There are 6 protein chains.
Amino acid sequence: MNKNISTFIGCDSTFEEAEIVVFGAPFDGTTSFRPGTRFAPGLMRLESYGLETYSPYLDIDLEDYYVFDGGDLELPFGNTQRVLDAIENFADEIVSAGKIPFMVGGEHLVSLPNLKAVHKRYPEVSILHFDAHADLRSDYMGEALSHATVMRRIWNVVGDDKIYQFGIRSFEKAESEFSKYHATTEKFSCETVPSVVAALKDKPVYVTIDLDILDPSVFPGTGTIEPGGITFKELLTAVHSLTGLNIVGADIVELSPHNDTSGLSTAVACKVLRELLLTILA
Amino acid sequence: MNKNISTFIGCDSTFEEAEIVVFGAPFDGTTSFRPGTRFAPGLMRLESYGLETYSPYLDIDLEDYYVFDGGDLELPFGNTQRVLDAIENFADEIVSAGKIPFMVGGEHLVSLPNLKAVHKRYPEVSILHFDAHADLRSDYMGEALSHATVMRRIWNVVGDDKIYQFGIRSFEKAESEFSKYHATTEKFSCETVPSVVAALKDKPVYVTIDLDILDPSVFPGTGTIEPGGITFKELLTAVHSLTGLNIVGADIVELSPHNDTSGLSTAVACKVLRELLLTILA
Amino acid sequence: MNKNISTFIGCDSTFEEAEIVVFGAPFDGTTSFRPGTRFAPGLMRLESYGLETYSPYLDIDLEDYYVFDGGDLELPFGNTQRVLDAIENFADEIVSAGKIPFMVGGEHLVSLPNLKAVHKRYPEVSILHFDAHADLRSDYMGEALSHATVMRRIWNVVGDDKIYQFGIRSFEKAESEFSKYHATTEKFSCETVPSVVAALKDKPVYVTIDLDILDPSVFPGTGTIEPGGITFKELLTAVHSLTGLNIVGADIVELSPHNDTSGLSTAVACKVLRELLLTILA
Amino acid sequence: MNKNISTFIGCDSTFEEAEIVVFGAPFDGTTSFRPGTRFAPGLMRLESYGLETYSPYLDIDLEDYYVFDGGDLELPFGNTQRVLDAIENFADEIVSAGKIPFMVGGEHLVSLPNLKAVHKRYPEVSILHFDAHADLRSDYMGEALSHATVMRRIWNVVGDDKIYQFGIRSFEKAESEFSKYHATTEKFSCETVPSVVAALKDKPVYVTIDLDILDPSVFPGTGTIEPGGITFKELLTAVHSLTGLNIVGADIVELSPHNDTSGLSTAVACKVLRELLLTILA
Amino acid sequence: MNKNISTFIGCDSTFEEAEIVVFGAPFDGTTSFRPGTRFAPGLMRLESYGLETYSPYLDIDLEDYYVFDGGDLELPFGNTQRVLDAIENFADEIVSAGKIPFMVGGEHLVSLPNLKAVHKRYPEVSILHFDAHADLRSDYMGEALSHATVMRRIWNVVGDDKIYQFGIRSFEKAESEFSKYHATTEKFSCETVPSVVAALKDKPVYVTIDLDILDPSVFPGTGTIEPGGITFKELLTAVHSLTGLNIVGADIVELSPHNDTSGLSTAVACKVLRELLLTILA
Amino acid sequence: MNKNISTFIGCDSTFEEAEIVVFGAPFDGTTSFRPGTRFAPGLMRLESYGLETYSPYLDIDLEDYYVFDGGDLELPFGNTQRVLDAIENFADEIVSAGKIPFMVGGEHLVSLPNLKAVHKRYPEVSILHFDAHADLRSDYMGEALSHATVMRRIWNVVGDDKIYQFGIRSFEKAESEFSKYHATTEKFSCETVPSVVAALKDKPVYVTIDLDILDPSVFPGTGTIEPGGITFKELLTAVHSLTGLNIVGADIVELSPHNDTSGLSTAVACKVLRELLLTILA
């Protein structure tokens, strides 16, 4: 008898044959409101079996592709820098093997080390950032490393003209100012995605989806609830419009599953995972 | 003093004078994800008193019509066939009395026996099927009788060109193929309802509404949560556009009330019940 | 060391310097379905710190204005009239000081005494009423003072041609008739707000927002769930279109926070509070 | 076909043949913390079918006795006195027919009118009062009629030496003083029940059980949670030790079912109902 | 990189070296009240990591023993007999390999096939049955195979004088009579466990723990809530007193995790699992 | 008008006249299972008004004593050391003013800085530690500062023979060994409290209560649920037996209120707060 393997639905290839490596980064140490995103990848694996592997949107099936699920990283509690190092080392391994690291958070700060691993191989990488929050603060209550500063830290890595933000509906005035000079920021909606995609054709792209871009009516299971987000269909449309891009790294973050006892938010996260995987693979 | 009568709001006529007979079929024995739809009709009766009997959409009042509430069937646990027989017998009785059987599930498999009772009297009956799932599998894990095969079983009864599906957003590839040849299937939305209604004018029609056609933001209380559904207003519009059809049987299924502690999903089910009843009666 | 001050975010001026005085009216004694709105203002103070003070919609910041938070009134249980008197006395004090009373309910009946305090100073005040329910019954189960009669009681105060209703999707037939002669009622949506605003330019206006105007997908935390409401974005648009009006009193009512364990409804209420405050102050 | 009858399990006799008449008093208008007890009797009817009718403690079966379920009273909202009058009138009818009125609350204030109906026929009636709270205040925030004053109001009816309290673990100092002179009060536990029962042999007795006497670990579904209560087994023992008393009226109050989503508290209330019914009937 | 292995904490040996094989039987098809036990083993694996592997009660550590986790069986929905066959086949395999099958339910009916596999090798096996319910009905609503008949079906296999029941607090009168002649039944408590253990020294024993033997204050996450159960400490004491018995098969059933959003019931199930495993292994 | 003051019930004196200063330390950055204790002090303030100020156990009233509520500290996220420094500075201020610092967590690590502030003034201070977990690890996943190491860090400060542990029911083997030589540890219960109290008469004592010492049936609202704890009455007895000790500092930690939607755990925490305050003040 074999040991009990647990994967996201349809992500059951070996590491060697895989094009994409999915893994969990169960960290929520800088969350400033309701923590709990650490439980997201574990519960998503279980709940993903409520889904089909076939996408009626794209008319393709995850079972026809090769994705490996590397499980969750074991991360310490109370030491932010050690967590980031562990993630970066793991992502380095994936990138070195010529595969795409696709991380499931955890809070948004985990995007930083995954992006850094990708950036070493693709120094010109651009960032497509879907979120309710700009995450562009220079620090948060004195801390440079925070879910609220992650895009600023990523900007420290990639520089100007590389960050494209969509759906932003919450920031400080100072972040708003910063974004005008150092990023391309669409407030409230995602209508500019197609034109950005056209402009980035053939260039390496990293996609980070903070699921709180969604309206909390469809995604209440998150740490900082911001009413006024986009609908699930709008997010799907945006994801599908990425088809054809050269996506070299990705993440989906900020599901806090216990904050939504109905299971809705976890189901949403699983479906975004499936559709983004298939969009990359198609 | 009289015994305590419990009915859906406004459904308090006698059997004899009633045009429609509402009854509950509290069965969830083939549910493949989160069971619990057996509690739907009992809780809907209690919660329906949070509604008015007057519809501002249709400008008519349920109190001006005659609907009888026959209560819930007593159904055994663990024997699917016996359950289906009990429902069919009960529905036969209603149809024989010249009344419209309007069933409240329970899971979707209960539509099969209700439809069969109707079909005996109206062999040419067409099916209007509102759902997130096509339910067209030939079997589910080896079982022919399943909530995931119910429309296939109904197709076994009514044959080609009788099943019209709306809002479908989840199926296997094989179901997708089957639907192309044996049903009329609108994916994702309900925009073709008016043209189908026009085509079916004067013909007998059975309406089955799996409430998971709704986006789970407004209906998380169901067994298999599928993000990406239609809005409540879109469903209401579809229901109201059935006005004038010769509806000879109906059901509303797949509310799993304990999966949504806020009461939202139960309220939605009650309002769909009121509006569909009034649409038939108008 | 100072005592622990607790306020809605950004509402930390002194009474003297304040333009607006926010206060809580934790009463739900006539609620006919699920009570619990008494907990709204206390929990909103805590949860409002999940928000920013800056509005990206209006591009202004609550920290640049003066709002005083007067805390919650201490109200008895089981005696409706005494509760209404206590609220009216408190609101009188605010109005006498030349400030705008902005009340957070509580159930909708609390609007009556706040409006009465405002009406004494502005006898020609008009009412902008956002709600799912018309609240125009003459009595409710024999009671004249009820959340279901509050607009009728307010009509007793202000008379014909003063009440503008938006978003109404539930009433009795009799209320529907009454509204045709004594109020201006838009059913289901808020599209007429801009034209009403234009008509009321420079006149004193009282704004009452029953948050159940929102679809319960985004606001399940309320006493009587009515599917089919407007979206959060539609409500924000309506609120923002009030800019420039001479708003002399306001309230936000019917959040029942424990009915929604995710915190979504409370977050919605806080954001509406922020945006309405800023709309008045802008 | 018959209309749908809904009763507490095993309470399906006719009024005429019944020894006991059970009815619901869904009132929570003076609740000072979390309201919601109005939903108790309706949900208990549904959930009672998770129980057996046979008691392994008493070795008798509810199906061998005659209990009538009169349903829930229709009570207005926001007018305490009218509610109390409606309950008293209904209880009068039961007492006049020579039957025992057994009320299911609702909050504790509803005990007052039920007791008054019983007292008219049995002026010498004694009260066995099981509760966490003494409920002996002269008024609560100025209100004479309150769940927190109900035993004081009952004392106004029956006078000294008639009230026996058990399990009390919360009161004001003033109540504590009052209880020393006008009631017989056992704090924290129920160990004196057998000696009180012996003393009251053959005398008419009214039993009122505020279920919050239980520790909230087993009964969190109540309006005012008071840790430190008795266990379920201790309450059962106390109830069973009432066997042989001449119980002429009874009530069970303060279940607030929505405050406990697991269904535990409702199951507890149903089992206490069954055991107290059988203890009276045995 | 290796695939993601998911096991109960401390159950990570290979099949070959294991003394005990743990596996999940996610079936709840005959549950008569709230279904949902199918989710128990999957969630217990995740939540078991909140525990230590070391038992301070027994002063031994699960990491020093060999237990294999075989994962969950894939079971069809709606066909009880096929489910039972699949379980029996799997258990046969374990028993044939000379290992102890330790099943995690699912509902109680799954004990039947596991016991049958054990019984083939140990025809004289006795049953220690911990439960709130006697489960001795001859049928339930006409069905022979049911969670409410499972001990009667096991009695069909093992005959008289083999079944020892503890903690039973709910049955029909007929079951009570049956138990007097065909089983050894302790009502309400587990005090006779030590004497039964002494009598069964050296004989093969199967242990089945329906966790609803616990009081629902500590275990609300189950399908049929029966107040009045034993405490967690009493269950632990009973489990520990099995030390030294020749346990040849075991199961733990009836956790319904979604019915308890706090995670308490799942934690209880995990701790009972650890302590029973260690008791067998010690 | 005054600003809105929010305090724990009965803690409304000024800083100057206060004997005890209560304050909140909303930190949960090293929590290894379900985080969320940061919300404890804020919600306890609101919910404490469901309690009386009078203790029927001690027959004294909090309103007759002087306790100041200093509010919650503002603590950064993601930097453990900065958090500990902020707490220590605040506690220093209280100790310097000759008052008793009484902290409400937050997770257990916050006890370290509060104890350190007390230790500077009372170098011979002993620790009474009530908990489910020994918290004596040398590190947790490589981190020296953790809720799982806090008593080891306190031992680094106070040395051998100063730490008395009660109720411990979970540790690693290594912690168990450590405790034998460096602490006085009672496993599972609190029966040795009176003898320890007798031995510490007149000596300075710091009391730390990790509320997860309680059985999770009465306290599910915590980060790491450990079945098998003491009852609420046992904890009250232990607290009351501290009467007469020279308590110079105290804390209550590990309430995670959102993990228990019924409010039970928060009510428990509030009552322990009241009884420990009164025990110190008596």
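Computed from a prediction, not measured in an experiment: that's the story for all the values here. (Residues numbered from 1 in each chain as written. Chains lettered and ligands numbered in written order. Predicted model: local features only at pLDDT ≥ 70, side-chain atom pairs only at ≥ 80, totals over all residues. Heavy atoms only, no water.)

**Here's the deal with the sheet that holds strand β5 (residues 100–105) of chain E**
All names here are of chain E.
Now for step 1: Taken together, eight strands build an open sheet; the order of strands is β4-β1-β5-β10-β9-β6-β7-β8 and the sheet is parallel. Of all the strands in the sheet, the pair left with one neighbour each is β4 (67–72) and β8 (184–187). Going across the sheet, the axis of each strand differs from the next one's by a mean of 15°, ignoring polarity.
Now for step 2: Where β5 meets strand β10 (residues 246–253), three bridges bridge the pair, whose relative direction is parallel. (Pairing = 2+ DSSP bridges. Helix = DSSP H or I, 4+ residues; strand = E, 2+ residues; numbered from the N terminus. Axes fitted to C-alpha atoms, helices over the stretch in contact; angles between N-to-C directions.)

**Comments concerning the interface of chain F and chain A**
Now for step 1: Counting from both sides, the interface comprises 24 residues of chain F and, opposite them, 24 residues of chain A.
Now for step 2: In terms of surface lost to chain A, no three residues of chain F exceed Phe77, Met141 and Glu143 of chain F, which account for 31% of the buried area on that side.
Now for step 3: The tally of links from chain F across to chain A stands at two salt bridges.
Now for step 4: With a closest N to O distance of 2.5 Å, Glu143 of chain A and Arg82 of chain F form a salt bridge.
Now for step 5: There are 14 residue pairs in polar contact (both at pLDDT 80 or more) connecting chain F and chain A.
Now for step 6: For the side of chain F that touches chain A, the class distribution of residues is eight nonpolar, 10 polar and six charged. (Contact = heavy atoms within 4.5 Å. Buried area = accessible area lost by both parts, 1.4 Å probe. Salt bridge = Lys/Arg side-chain N within 4 Å of Asp/Glu carboxyl O. Polar contact = N/O pair within 3.5 Å; in protein donor to acceptor, adjacent residues only side chain to side chain. Nonpolar A, V, L, I, M, F, W, Y, C, P; charged D, E, K, R; others polar.)

**Considering empty space enclosed by the protein**
Now for step 1: Here the second largest cavity is characterised by a volume of approximately 360 Å³.
Now for step 2: Around the second largest cavity sit 18 residues that line it, and Leu43 and His258 of chain B, Arg34 of chain C together with Leu43 and His258 of chain D are the ones nearest its centre.
Now for step 3: For the lining of the second largest cavity, the secondary-structure elements that each account for two or more residues are α1 (40–47) of chain B together with α1 (40–47) of chain D.
Now for step 4: Taken together, the residues of the lining of the second largest cavity sort by class into four nonpolar, eight polar and six charged. (1 Å grid on protein atoms, 1.4 Å probe; cavity = no way out; pocket = protein on both sides within 12 Å on 5 of 7 lines; lining within 4 Å. Points joined across faces, edges and corners; volume = space filled by probe spheres on them.)

**Remarks on the relation of the copies chain F and chain A**
Both copies of the chain are placed relative to one another by a rotation about an axis and a shift along it.
Now for step 1: Laying chain F over chain A is done by rotating through 180° and shifting 0.0 Å along the axis; what remains is an RMSD of 0.0 Å. On this basis, the relationship between the two copies can be described by a two-fold rotation axis. (Least-squares fit on C-alpha atoms with pLDDT ≥ 70 in both.)

**Overview of the environment of Thr37 of chain D**
Now for step 1: Examined against the element boundaries, Thr37 of chain D turns out to sit in the loop between β1 (20–25) and α1.
Now for step 2: For the pair Thr37 of chain D and Gly105 of chain D, spaced 68 residues apart in sequence, the C-alpha to C-alpha distance is 6.8 Å.

**Focus on the pattern of salt bridges**
Now for step 1: Counted under the stated rule, the structure contains 84 salt bridges over all chains.
Now for step 2: Salt-bridge contacts for Lys120 of chain A lead to Glu88 of chain A; the nearest nitrogen and oxygen are separated by 2.8 Å. Placement of Lys120 of chain A in helix α3 (residues 111–121) and of Glu88 of chain A in helix α2 (residues 80–96) is noted, with a sequence separation of 32 residues between them.
Now for step 3: With relative accessibility at 14%, the residue Glu88 of chain A sits in the buried group.
Now for step 4: Of the charged contacts in the structure, one is a salt bridge between Arg38 of chain B and Asp28 of chain B, with a shortest N-O distance of 2.7 Å. Separated by 10 residues along the polypeptide, Arg38 of chain B in the loop between β1 (20–25) and α1 and Asp28 of chain B in the loop between β1 and α1 bring together distant segments of the chain. The burial state of Arg38 of chain B is the same as that of Asp28 of chain B; both residues are buried.
Now for step 5: Each member of the salt-bridge network shares a partner with another, and the members are Glu52 of chain A together with Arg137, Glu172 and Glu175 of chain B. (Buried < 20%, exposed > 50% of the residue type's maximum accessible area, 1.4 Å probe, protein only.)

**Section: the relation of the copies chain E and chain B**
Now for step 1: With an RMSD of 0.0 Å, the fit of chain E onto chain B corresponds to turning through 180° and sliding 0.0 Å along the axis.
Now for step 2: A shared interface surface links the copies, since 100% of the contact residues of chain E are contact residues in chain B too.

**Topic: the packing of helix α1 (residues 40–47) of chain F against helix α8 (residues 264–281) of chain F**
All names here are of chain F.
Now for step 1: Their axes nearest at 9 Å, the elements α1 and α8 cross at an angle of 80°. Considering their axes alone, α1 and α8 lie roughly perpendicular with respect to each other. Where α1 abuts α8, its residues Leu43, Met44 and Glu47 lie against Thr266, Ala269, Cys270 and Leu273.
Now for step 2: Among the residues forming the contact of α1 with α8, the class breakdown is five nonpolar, one polar and one charged. (Parallel < 35°, antiparallel > 145°, perpendicular 65-115°, else oblique.)

**Brief notes about the sheet that holds strand β7 (residues 163–168) of chain D**
Residue and element names in this part refer to chain D.
Now for step 1: Strand order in this open sheet of eight strands is β4-β1-β5-β10-β9-β6-β7-β8, and the pairing throughout is parallel. Sheet topology places β4 (67–72) and β8 (184–187) at the edges, where each strand pairs with a single neighbour. Taken over all neighbouring pairs, the strand axes of this sheet differ in orientation by 15° on average, direction set aside.
Now for step 2: As paired elements, strand β9 (residues 204–210) and strand β10 (residues 246–253) share seven bridges and run parallel to each other. Following the sheet pairing, Ile209 is matched in β10 by Ile252.

**Overview of the interface of chain E and chain B**
Now for step 1: Residue-level contacts link 24 residues of chain E with 24 residues of chain B.
Now for step 2: The junction of chain E with chain B conceals about 2000 Å² of combined surface from both sides, 53% of it contributed by carbon and sulfur atoms.
Now for step 3: In terms of surface lost to chain B, no three residues of chain E exceed Phe77, Met141 and Glu143 of chain E, which account for 31% of the buried area on that side.
Now for step 4: Between chain E and chain B we count two salt bridges in total.
Now for step 5: Looking at side-chain class alone, the side of chain E that touches chain B contains eight nonpolar, 10 polar and six charged residues.

**Quick look at the side chain of Asn259 of chain B**
Now for step 1: The residue Asn259 of chain B is located in the loop between β10 (246–253) and α8 (264–281) in this model.
Now for step 2: Among the polar contacts made by the side chain of Asn259 of chain B, one reaches the main-chain carbonyl oxygen of Thr222 of chain B at a distance of 3.4 Å.
Now for step 3: Not counting the four nearest positions on each side in its chain, Asn259 of chain B is found in contact with Ser262 of chain A together with Arg34, Pro220, Gly221, Thr222 and Ile225 of chain B.

**Side note on the arrangement of the chains**
Now for step 1: Spatially, chain C is disjoint from chain E: no contact exists, and the shortest C-alpha separation is 11 Å.
Now for step 2: For the non-touching pair chain B and chain F, the nearest C-alpha separation works out to 11 Å.

**Regarding the packing of aromatic side chains**
Now for step 1: Per the stated rule, a full pass over the model turns up 48 aromatic pairs over all chains.
Now for step 2: Consider the rings of Trp155 of chain E and Phe178 of chain E, whose centres lie 5.0 Å apart with planes at 85°: the pair is edge-to-face. With a gap of 23 residues between them, Trp155 of chain E in helix α4 (residues 150–158) and Phe178 of chain E in helix α5 (residues 173–182) connect regions that are remote in the sequence.
Now for step 3: Judged by its relative accessible area of 19%, Trp155 of chain E falls in the buried class.
Now for step 4: Here the basic side chain of Arg152 of chain C rests over the ring of Phe178 of chain C, its NZ or CZ set 3.9 Å away from the ring centre.
Now for step 5: One cation-aromatic arrangement involves Lys99 of chain D over Phe15 of chain D; the distance from NZ or CZ to the ring centre is 5.2 Å. (Phe/Tyr/Trp six-rings, centres within 6.5 Å; stacked < 30°, edge-to-face > 60°. Lys NZ or Arg CZ within 6 Å of the ring centre and 35° of its normal.)

**Regarding a negative patch on the surface**
Now for step 1: On the surface, Asp12, Glu16, Glu17 and Glu63 of chain A cluster together into a patch of negative charge.
Now for step 2: Looking at where Asp12 of chain A falls in the secondary structure, it is placed in the segment before β1 (20–25). (Patch = residues over 30% accessible without salt bridge, like charges linked within 9 Å, V, L, I, M, F, W, Y side chains within 5 Å. Areas by Shrake-Rupley, 256 points an atom, 1.4 Å probe, with all protein chains shown as cover. Lys, Arg positive; Asp, Glu negative; His and termini not counted. Charge placed at Lys NZ, Arg CZ, Asp CG, Glu CD.)

**Looking at the side chain of Ser55 of chain D**
All names here are of chain D.
Now for step 1: Among the secondary structure elements, Ser55 is positioned in strand β2 (residues 54–55).
Now for step 2: For Ser55, a relative accessible area of 0% gives the class buried.
Now for step 3: A polar contact is formed between the side chain of Ser55 and the backbone nitrogen of Tyr57, at a distance of 3.2 Å.
Now for step 4: If near-sequence neighbours (up to four positions away) are discounted, Ser55 is found in contact with Ile60, Arg274, Glu275 and Leu278.

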